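Given next are the chains, with one letter for each unit.
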Amino acid sequence: MGDRIARIVIVTPAAPGTRNGNRHTATRWAGMLRDSGFQVRTATAWTGERADALIALHARRSHDSVQRWKERNPAAPLVVALTGTDLYRDLPASSEARRSLELADRVIVLQEAALRELPPGVRAKTSVVHQSSSTATRAAPPPGTFRIAVVGHLREEKDPFRAVRAVSRLPDKVQVVHVGAALDRAHEQEALQWSRREPRYRWLGSVAHAAALRWIARSQVLVVSSRMEGGANVIAEAATIGTPVLASRISGNLGMLGAKYPGYFPPGEDAALANLIGKCLEPVFLARLRRELRARRRLFLPAAERRALLRAVRAALRRSPASR
């Protein structure tokens, strides 16, 4: 079939207008594919419209669309992208997630460490597509304070209050700005309680993407404290901006930043994160983080993501029975 394919549907469980990783990924990939000559539509589910290929984000939550697609279009290409919780939580327990991968002609993961989580048969048809950032915003933290940015919705997988817990162990000049919506009442109440208890903590709630990028740029470091990540796009954004990242030592972060990156802390450990932040108060260590992150920046270029995405789509076309 080659590049004669014209119409692609990208299915993501994230509704239009939501500010989460899956929606940003779907929107960015749609733009890249359109720029490469494809007709692309994004949707929260495939409802039977005619198309030449389906790209489904999240193996479990998009499983109904995946199954319907293959039932009605058994010879048509299917790409399934593992975006986070489906990779690190669902695959061991969810037969639907596993079945989505079986049906896929091609699988996409968002960082190279994810490959180790897959069975050999799935790994053989898997492509790594690092997420990218095209922001022109550059790091410009103000002097006099040491600001930590936390960018991400408040949910259990993100361990969202780890940074503020660590800050309580640190000098007064260290502060936290937290950007992200509370996805449930309990997290909202905890954020409000921390705001009252710790004057150096500011929770801003949901903000526009451009505003979130500006907060990253105006901070000395970004903390990514997640317990589970498929491949956090905010790391690509921080690398592009030039803001060092402190990250929990989990597979998704290791795959983005590399095993030798010096800015890791054990997940869930306040004291270890506080110690790492304390090291960042020394200019020499902060400069080292910047150098190490700069070395990874090429992985997060839009051109690199576009090339990897197109290779994965074309590989799906070759694997699809329709092309044989």
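These numbers come from a predicted model, not from an experiment.

Asks: Explain the sheet that holds strand S12 (residues 264-265) to me, and be specific about the residues and the numbers.
Replies: Strand order in the open sheet formed by six strands is S9-S8-S7-S10-S11-S12, and the pairing between neighbours is parallel. Looking along the sheet, the strands with just one partner apiece sit at the ends: strand S9 (201-205) and S12. Against the sheet, helix H9 (residues 233-241) touches strand S7 (146-151), strand S10 (221-224) and strand S11 (245-248), its axis set at about 165° to S10.

Asks: Please set out the layout of surface pockets residue by residue, giving values where relevant.
Replies: Empty space within the largest pocket amounts to approximately 1100 Å³. In terms of lining residues, the largest pocket is bounded by 49 residues, among which Asn20, Gly21, His153, Arg155 and Lys158 are the most central. Within the residue set of the lining of the largest pocket, elements represented by two or more residues are helix H1 (21-35), helix H3 (85-93), S7, strand S8 (174-179), helix H8 (209-217), S10 and H9. A total of five residues in the lining of the largest pocket trace back to one element, the largest contributor, which is H1.

Asks: Now, about a positive patch on the surface: what can you tell me, with residues and values included?
Replies: Taken together, Lys279, Arg288, Arg290, Arg291 and Arg294 make up a surface patch of like positive charges. Within the secondary structure, Arg290 sits in helix H12 (residues 283-296). On the basis of relative accessibility, which here comes to 30%, the residue Arg290 falls in the partly exposed class.

Asks: Quick one: what's the story with the nonpolar core, residue by residue and with numbers?
Replies: Judged by nonpolar contacts, the single largest core of 49 residues is most densely connected at Ile148, Val245, Leu246, Leu257 and Ile277. Here this core gets six residues from one element, more than from any other, and that element is H9. Other than its neighbours up to four places away in sequence, Leu257 contacts Ile235, Val245, Ala247, Tyr264, Leu293 and Arg296. Of all hydrophobic cores here, the second largest spans 24 residues; its members include Leu103, Val109, Ala114 and Val122.

Asks: A description of the packing of aromatic side chains should follow, citing residues and the corresponding values.
Replies: Evaluated as defined, the whole model comprises two aromatic pairs. Residues Trp46 and Trp69 carry aromatic rings whose centres are separated by 5.1 Å and whose planes lie at 80° to one another, so their mutual orientation is edge-to-face. Taken together, the residues span a long stretch of sequence, with Trp46 in the loop between strand S2 (39-43) and strand S3 (53-57) and Trp69 in helix H2 (residues 63-72) at a distance of 23 residues. Accessibility classification places Trp46 together with Trp69 in one group, the buried group.

Asks: Let's hear about the pairing of S7: which residues, and what values?
Replies: On a regular strand, each side chain points to the face opposite its neighbour's, so the side chains alternate between the two faces of the sheet. Of all six residues in S7, five are buried; the element is thus mostly enclosed. Bridging between S7 and S8 involves six bridges; their strand directions are parallel. Looking at the pairing, Ile148 lines up with Val176 of S8. At this point the chain moves from S7, through helix H6 (residues 162-167), to the parallel S8, and the crossover so formed is right-handed. Sheet topology places S7 next to S10; two bridges connect them, and they run parallel. Residue pairing across strands places Ala149 opposite Leu222, the latter belonging to S10.

Calculation rules
- Residues numbered from 1 in each chain as written.
- Predicted model: local features only at pLDDT ≥ 70, side-chain atom pairs only at ≥ 80, totals over all residues.
- Heavy atoms only, no water.
- Pairing = 2+ DSSP bridges.
- Helix = DSSP H or I, 4+ residues; strand = E, 2+ residues; numbered from the N terminus.
- Contact = heavy atoms within 4.5 Å.
- Axes fitted to C-alpha atoms, helices over the stretch in contact; angles between N-to-C directions.
- 1 Å grid on protein atoms, 1.4 Å probe; cavity = no way out; pocket = protein on both sides within 12 Å on 5 of 7 lines; lining within 4 Å.
- Points joined across faces, edges and corners; volume = space filled by probe spheres on them.
- Patch = residues over 30% accessible without salt bridge, like charges linked within 9 Å, V, L, I, M, F, W, Y side chains within 5 Å.
- Areas by Shrake-Rupley, 256 points an atom, 1.4 Å probe, with all protein chains shown as cover.
- Salt bridge = Lys/Arg side-chain N within 4 Å of Asp/Glu carboxyl O.
- Lys, Arg positive; Asp, Glu negative; His and termini not counted.
- Charge placed at Lys NZ, Arg CZ, Asp CG, Glu CD.
- Buried < 20%, exposed > 50% of the residue type's maximum accessible area, 1.4 Å probe, protein only.
- Core = buried A, V, L, I, M, F, W, Y, C linked by side-chain atoms within 4.5 Å.
- Phe/Tyr/Trp six-rings, centres within 6.5 Å; stacked < 30°, edge-to-face > 60°.
- Right-handed = clockwise from strand over helix to strand, strands pointing away.

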